[in-house]
Amino acid sequence: YISSQKSIQGPPLCSLCKRCDNIPEKYGEKITLQQHNLTVHYFCLLMSSGICQRGEEDEDVHGFLVDDIKKEIRRSSRLRCMKCKKVGASVGCSIKSCRQMVHMPCGLEQEFIFQFTDLFPSFCKKHAPSQSCVSSPSLPLSCSVCLEPIEPVLSYNVLKCPACHGSWFHRNCVQHYAHSAAMFFFKCTLCNNKDQFQQEMLRMGIYIPERDAAWELEENAYEDLLQVYQHCDAVKCHSHKGRKYSSQSGYFEIVRCKLCGSRGTHRKCSNLKLYESDWICADCKAAVEGKTLIYIYIYIYIYQNKCSLKCIQYIYILNCSSSSSLSLFSRQCVPATSPEVLMDLAHQISQQQSTEVLVEDDDGVMEAALRVLRQSDFNPCCTLSVKFSQDKHSNNIRNQRRFLRRLVSKLQMSEIFEGPDGSKNLALNSKALRDDLYFEVGSLLALSLVHGGPPVGFFSPALYHSLFNYPTNYRPTLQDLGDTAFAHKIRQVSFSASQYLEAAGCWRKIRELSEKDMLVEDVLNFYLIIRLQLPLQRFREGLRTLGLFEQVQMCTEAFHSVFCGPVERLTAESVMELFTVRFSEEKEQQEKENTTVHFWKKYLHECEEGRCAAPLEDLLTFTTATDLAPSIGFHPTPSISFFSSPDPSCAFPQSHCDANHLFLPIQPSYELFKKHLDYTVCQFSVMQDI
C-alpha cells in the first residue's frame with residue numbers, strides 16, 4: 001500500500017501558495033528541503049509580507065531561515081486570497097490603506113506588480129505603477145521579442161522601452177527574455193539601452209536574475225565552435241582525394257562561406273585565386289541579392305551584438321518563422337558611418353606586402369590600374385606602392401593619394417558610364433561587357449575607397465538605387481538621363497518611337513496625361529535598370545572586392561553621399577575643422593603661436609575669397625597630398641605645429657604628408673606670413689605639375 005501511494009504522489013506543493021507548478025521565470029526557483037519537509041517557490045518567499053532575509057545567502061533558502069518560513073506559513077494560513085478565496089494568502093499590497101491579499105501566483109493573474117528591488121514591494125491593480133507614451137508608435141507594430149502583432153496600447157500585458165519609445169513587448173515575452181539574458185545581457189532590442197531599460201522593467205515587475213546569461217551557463221554550449229566545416233560543395237569537385245580533403249594551403253584548401261560557414265569549396269573548384277578568402281555559397285548569395293535580405297541582417301546583428309552561438313541559432317530560427325523578421329532586424333541595426341566601415345575594411349590591408357604600380361603620367365593612371373588588376377597574382381589586400389615615371393619624388397603616401405584621386409576622375413569618364421558630370425548612369429557597351437570592364441571598374445572603385453581614395457561622387461541616384469536598392473521607393477526621372485538625345489525622345493514619347501517602346505515591353509495607347517507619365521516611368525525603368533541587368537551584376541561583383549559591396553548594403557544611407565555626391569567644396573571653416581593645433585608648453589611661446597593661428601585662419605578666409613595666390617585645394621594638397629578629404633578620413637588627423645627662426649625672412653612653411661602635418665613659422669606680421677605661405681604652396685603646385 002505504501003509503495004503504491006508513493007507512485008501516484010505528484011510533485012510537492014509550495015507551502016505558501018499551495019501550487020505544484022515549476023516555472024522558474026514566473027514563480028522563481030522551486031526549492032525543497034527534504035529534512036524539513038518544506039517546499040517553496042523563491043518568488044513566494046520574496047514577496048511574502050511577513051518575512052525578511054535574516055541569514056547568509058547560502059543558509060537554508062537563499063538566506064530565508066526555516067523557522068522564519070514556518071512562521072510565515074502559519075501567519076498566512078489565517079489570511080484568505082481575494083482571487084481563489086482559499087487561505088494562505090501571504091502577499092499584500094504595499095499601500096497601507098489597501099487590504100488586498102493574494103497568493104503570489106494568484107497576484108499575477110490579478111495583474112499585481114511585484115518589484116524585485118529594495119524591500120520587494122507588491123502593488124495591486126489599482127495602485128500599480130504605469131507607463132506613459134510621449135510619442136506616436138512607429139510601424140511595424142510587433143512585439144520586439146516574439147515578433148507577433150501587438151496593439152500599442154500600454155497596459156499590464158503591454159510594455160515599452162523608456163529610452164527609445166519604439167520597442168514594444170508582451171509582458172510574458174520580455175520576462176522570458178530577461179530570464180534568459182539576465183542582468184549582463186538584458187537590454188532593449190531596438191536601441192540597446194541597458195541601464196534605463198532595466199530600471200524601467202524592474203519598476204514594472206519584470207524579474208532580472210543577477211547571473212550570466214543562460215546560454216553562457218549551458219554545459220558545452222560552445223562545443224560547436226571547436227569544429228569547422230570541411231567539405232567541398234562545388235557542383236564538380238576536382239580533388240582526387242575526395243570532397244572532404246583540405247590541404248593547409250593552395251588550390252585544394254577548403255574555403256568556407258563567410259556568411260553561414262556551413263558550405264565550403266576547394267579554391268580550384270570555384271576558381272578562387274590563392275589570396276582570396278572571401279567566398280559566399282549559392283544559398284547565401286541568392287538571399288543577399290534577392291528581395292529578402294535576412295542573411296545580411298543576421299550578419300549585421302551578430303557583428304554588432306557579438307552574439308553567442310546558441311543565441312545566434314535562436315535568433316535565426318525565431319526570425320525565419322516570422323513574417324516580421326526583416327522589420328525587426330532593420331530596426332535593431334544601428335548603422336555605422338561610412339568612414340568607420342571603410343576603416344574596418346582597411347584592416348585587411350597588409351603593410352608588409354605591397355603591389356607595385358608604375359604610372360607613366362596622369363593620363364595613364366587608368367591603364368596602369370587595369371594592368372595591375374589583371375595580373376594573375378594581384379592581391380587587393382597588399383599596399384599600393386605607386387611610382388610616377390616622371391616624378392622625382394619617392395614619397396609613397398603622396399604618390400598613392402595622387403594616383404587614387406586621378407583614378408576616380410578617369411573612371412568617371414570611362415566608356416561604361418553615360419550622363420551628365422556628377423550624375424552618371426551605367427551605359428550598355430557590348431565591347432566593355434566582353435572585356436569585363438564593368439567588373440574591373442567596380443573593383444577599382446572598391447580598391448580606391450578602402451585604400452584611402454576620395455569619394456566617388458558621380459553616381460546618379462538611379463544608379464545607386466539599382467545597385468543597392470536605396471532609397472527603396474526611388475523612381476527614375478528624366479533628370480537621371482541628363483541632356484541627352486534619348487532624353488529628348490522620351491520627353492516627346494511620339495509614335496515614331498513605337499518600335500523601341502514595343503521592344504521595351506511598354507507599347508500601349510495613351511488616352512490621358514497621367515498614362516503618359518506612367519509610360520515615361522516604365523521606359524526609364526527599362527532603359528536605366530532592366531536592360532542593364534548583366535552590366536549591373538558584373539559591376540556589383542567588382543564592388544565586392546575587399547567586401548565593400550556587402551558593407552554598403554548594410555549602411556546604404558551612410559554611403560549615399562560617398563557615391564552620389566555632390567562632393568562638397570572646401571571652405572575655410574571645413575579646413576580649420578580638419579586640423580588639430582599642437583601648442584608648446586611654454587606660456588610665452590604659446591602667445592606667439594596663438595598669433596600665428598590667427599594669421600592661419602585669416603589666410604584661409606582670404607583663400608576662400610580668392611585673395612591669395614593659392615586656392616584651398618592646393619593648400620590641402622601641400623599638407624596631405626590630396627585636394628579632397630578621403631572617404632575613409634585622414635589617418636592620422638591633420639595637425640599643425642610651429643617653429644621659430646632667427647631670420648623670419650627665410651622661414652617658410654613645411655609639410656610632412658605621411659603624418660598629415662603642417663609646420664608653420666612664427667612670423668612678426670601677417671603680410672610676411674601670407675607671402676611665405678603663398679610662395680611655398682605655389683612652388684609645390686608647380687613642381688607637382690612638372
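All chains use their own residue numbering, which begins from 1 and follows the written sequence. The predicted origin of the model limits local features to residues at a pLDDT of at least 70 and limits the giving and counting of side-chain atom pairs to 80 or more, whereas totals for whole chains, interfaces and linings rest on all residues. For the side-chain quantities, the full set of heavy atoms in the structure was used; hydrogens and water were omitted.

- The protein has the name G2/M phase-specific E3 ubiquitin-protein ligase-like in an unreviewed UniProt entry, where Sinocyclocheilus rhinocerous is given as its organism.
- UniProt positions are given in the numbering used here, feature names are shortened, and annotations may be inferred rather than shown by experiment. One UniProt comment on the protein, placed under Pathway (unreviewed entry), says "Protein modification; protein ubiquitination."
- According to its UniProt record, the protein has this under Subcellular location (unreviewed entry): "Nucleus".

**What to know about the overall build of the protein**
For step 1, the next point in the chain: Secondary structure is summarised from DSSP: a helix means a run of H or I of at least four residues, a strand means a run of E of at least two, and numbering begins at the N terminus for each. Along its length, the protein carries 28 helices and 18 strands.
For step 2, the next point in the chain: By the convention used here, residues are in contact when the closest approach between their heavy atoms is within 4.5 Å. Pairs at least 24 apart in sequence give 60% of the contacts found in the protein among residues at least 6 apart.
For step 3, the next point in the chain: Areas reported here follow the Shrake-Rupley algorithm with a probe of radius 1.4 Å; residue values treat only the protein chains shown as occluding. When the accessible area of the protein is evaluated, it comes to approximately 36,200 Å², of which 51% is carbon and sulfur surface.

**Considering the side chain of Asn429**
For step 1, the next point in the chain: Here Asn429 lies in the loop between strand S14 (425-426) and helix H16 (430-434).
For step 2, the next point in the chain: Under the scheme applied here, a residue whose accessible area is under 20% of the maximum for its type counts as buried, over 50% as exposed, and between as partly exposed, the area being computed with a 1.4 Å probe on protein chains only. For Asn429, a relative accessible area of 19% gives the class buried.
For step 3, the next point in the chain: In protein, a polar contact means a hydrogen-donor-capable atom and an acceptor-capable atom, both N or O and within 3.5 Å, with residues adjacent in sequence counting only if both atoms are side-chain atoms; elsewhere, any N or O pair within 3.5 Å suffices. At 3.4 Å, the side chain of Asn429 and the side chain of Glu415 are in polar contact.
For step 4, the next point in the chain: Residues contacting Asn429, with those up to four places away along its chain left out, are Glu415 and Tyr438.

**Section: the environment of Ser142**
For step 1, the next point in the chain: Structurally, Ser142 is set in the loop between strand S6 (122-123) and strand S7 (158-160).
For step 2, the next point in the chain: Each C-alpha atom of the pair Ser142 and Ser167 lies 8.5 Å from the other, and the pair is 25 residues apart in sequence.

**Details of the confidence of the model for the protein**
For step 1, the next point in the chain: Residues at a pLDDT of 70 or more form 81% of the protein, whose mean pLDDT is 82.
For step 2, the next point in the chain: The model gives residues 1-7 a pLDDT under 50, and that stretch makes zero contacts with residues more than four places away or in other chains. Scored from 0 to 100, pLDDT reflects the predictor's confidence in each residue.

**Things to note about helix H13 (residues 338-346)**
For step 1, the next point in the chain: Those residues of H13 that fall on the buried side of the exposure criterion are Ser338, Val341, Leu342, Leu345 and Ala346. Along the axis of H13, the buried residues cluster in a sector spanning 140°; they form a single face.
For step 2, the next point in the chain: Packed against the buried residues of H13 are helix H17 (437-450), helix H23 (548-554) and helix H24 (556-564). This arc describes the spread of directions from the helix axis toward the C-beta atoms.

**Some remarks on the pairing of strand S11 (residues 350-359)**
For step 1, the next point in the chain: Strand pairing is assigned whenever DSSP detects at least two bridges linking the two strands. Bridging between S11 and strand S12 (residues 382-388) involves seven bridges; their strand directions are parallel. Bridged to Ser354 within S12 is Thr383.
For step 2, the next point in the chain: Note that the unit made of S11, helix H14 (residues 365-373) and S12 has a crossover that is right-handed. Handedness of a crossover: with both strands directed away from the viewer, a clockwise path from the first strand across the helix to the second marks it as right-handed.

**Here we look at the nonpolar core**
For soluble globular proteins, the rule of thumb is that nonpolar side chains tend to be buried together.
For step 1, the next point in the chain: Counting residues in each nonpolar core, the largest one holds 59 residues, and the members touching the most others are Phe403, Phe459, Phe539 and Phe563.
For step 2, the next point in the chain: The element that contributes the greatest number of residues to this core is H17, accounting for nine residues.
For step 3, the next point in the chain: Apart from residues lying up to four places away in sequence, Phe459 is in contact with Phe417, Gly422, Ser423, Lys424, Leu445, Leu467, Phe539, Phe563 and Cys564.
For step 4, the next point in the chain: Only buried Ala, Val, Leu, Ile, Met, Phe, Trp, Tyr and Cys residues count toward a nonpolar core, and they belong to the same one when joined by side-chain atoms within 4.5 Å. Cys14, Ile31, Tyr42 and Ile69 belong to the second largest nonpolar core, which has 34 residues in total.

**Quick word on the packing of H17 against helix H22 (residues 533-543)**
For step 1, the next point in the chain: Working convention: axes come from line fits to C-alpha atoms, limited for helices to the stretch in contact. Angles between N-to-C directions cover 0 to 180 degrees. Following both chains from N to C, one finds H17 and H22 inclined at 35°, their axes separated by 6 Å at the closest point. Taken as a pair, H17 and H22 cross one another with a handedness that is right-handed. Contacts from Tyr438, Phe439, Val441, Gly442, Ser443, Leu445 and Ala446 in H17 reach Pro535, Arg538, Phe539, Glu541, Gly542 and Leu543 in H22.
For step 2, the next point in the chain: The classification used treats Ala, Val, Leu, Ile, Met, Phe, Trp, Tyr, Cys and Pro as nonpolar, Asp, Glu, Lys and Arg as charged, and all other residues, Gly among them, as polar. Of the residues in the contact of H17 with H22, the class split is eight nonpolar, three polar and two charged. Throughout, a crossing is termed right-handed when the near helix is turned clockwise from the far one, and left-handed when it is turned anticlockwise from it by less than a right angle.

**Brief notes about the sheet that holds strand S17 (residues 654-656)**
For step 1, the next point in the chain: Strand order in the open sheet formed by four strands is S15-S16-S18-S17, with mixed pairing between adjacent strands. What marks the edges here is a single partner per strand, and that holds for strand S15 (580-581) and S17.
For step 2, the next point in the chain: Pairing geometry for S15 and strand S16 (residues 639-643), over two bridges, is parallel. Opposite Val581, over in S16, you have Ile640 as the bridge partner.

**Some thoughts on the pairing of strand S2 (residues 38-41)**
For step 1, the next point in the chain: Burial along S2 is two-sided: Leu38 and Val40 and Thr39 and His41, pointing in opposite directions, are all buried.
For step 2, the next point in the chain: Joining the antiparallel neighbours strand S1 (residues 30-33) and S2 is a turn of four residues, in which Asn37 adopts a positive phi near 55°.

**Some thoughts on unusual backbone geometry**
For step 1, the next point in the chain: With an omega of 0°, the peptide bond between His635 and Pro636 qualifies as cis.
For step 2, the next point in the chain: A positive phi is found at Lys85, a non-glycine position, where the angle reads about 65°.
For step 3, the next point in the chain: Assignment of secondary structure puts Lys85 in the loop between helix H4 (66-76) and strand S3 (91-92).
For step 4, the next point in the chain: Positive phi values are uncommon outside glycine, yet Asn469 reaches one of about 55°.
For step 5, the next point in the chain: Its location among the elements puts Asn469 in the loop between helix H18 (461-468) and helix H19 (485-492).

**Focus: the packing of aromatic side chains**
For step 1, the next point in the chain: To pair, rings of Phe, Tyr and Trp, with the six-membered ring standing in for Trp, must have centres within 6.5 Å; the planes then decide the type, stacked if under 30 degrees apart, edge-to-face if over 60, and tilted in the middle. According to the stated counting rule, one finds 29 aromatic pairs in the structure shown.
For step 2, the next point in the chain: Between Phe185 and Trp215, the aromatic rings sit 5.6 Å apart at their centres with planes inclined by 55°, giving tilted as the arrangement. One end of the pair, Phe185, is in helix H6 (residues 171-185); the other, Trp215, is in helix H8 (residues 214-217), with 30 residues separating them in the sequence.
For step 3, the next point in the chain: Take Phe185: its relative accessible area is 34%, and that puts it in the partly exposed class.
For step 4, the next point in the chain: Trp215 sits in the buried class, given a relative accessible area of 15%.
For step 5, the next point in the chain: Judged by centre distance (6.4 Å) and plane angle (85°), the ring pair of Tyr603 and Phe673 falls under edge-to-face. One end of the pair, Tyr603, is in helix H26 (residues 587-608); the other, Phe673, is in helix H28 (residues 670-689), with 70 residues separating them in the sequence. Across the pair, Phe673 and Tyr603 agree in class, each one buried.
For step 6, the next point in the chain: Lysine NZ or arginine CZ positioned within 6 Å of the ring centre and within 35 degrees of the ring normal marks a charge as sitting over the ring. The aromatic ring of Tyr156 is capped on one face by Arg171, whose charged end is 4.1 Å from the ring centroid.
For step 7, the next point in the chain: Here Arg402 stacks its cationic end above the ring of Phe388, 4.0 Å away from the centre of that ring.

**Some remarks on H4**
Note that an α-helix has 3.6 residues per turn; residues three or four places apart therefore point the same way.
For step 1, the next point in the chain: Where H4 is concerned, the buried positions are Val66, Asp68, Ile69, Glu72, Ile73 and Ser76. Take H4 and look down its axis: the buried residues cluster within an arc of 160°, on one side only.
For step 2, the next point in the chain: Residues of H4 that are buried in the fold lie against S1, S2 and helix H3 (42-47).

**Concerning the pattern of salt bridges**
For step 1, the next point in the chain: Within this document, salt bridges are pairs made up of a side-chain nitrogen of Lys or Arg and a carboxyl oxygen of Asp or Glu, the two lying within 4 Å of each other. With the rule as written, the count across this model stands at 22 salt bridges.
For step 2, the next point in the chain: One salt bridge connects Lys83 with Glu109, and the closest N-O pair in it is separated by 3.2 Å. Of this pair, Lys83 sits in the loop between H4 and S3 while Glu109 sits in helix H5 (residues 104-109), and the two are 26 residues apart along the sequence.
For step 3, the next point in the chain: Judged by relative accessible area, which is 35%, Lys83 ranks as partly exposed.
For step 4, the next point in the chain: We classify Glu109 as partly exposed; its relative accessible area is 40%.
For step 5, the next point in the chain: Ionic pairing is found between Lys674 and Glu606, a salt bridge with its closest N-O pair at 2.9 Å. One end of the pair, Lys674, is in helix H28; the other, Glu606, is in helix H26, with 68 residues separating them in the sequence.
For step 6, the next point in the chain: The network of salt bridges with common partners includes Lys258, Asp278, Glu541, Arg544 and Glu550.

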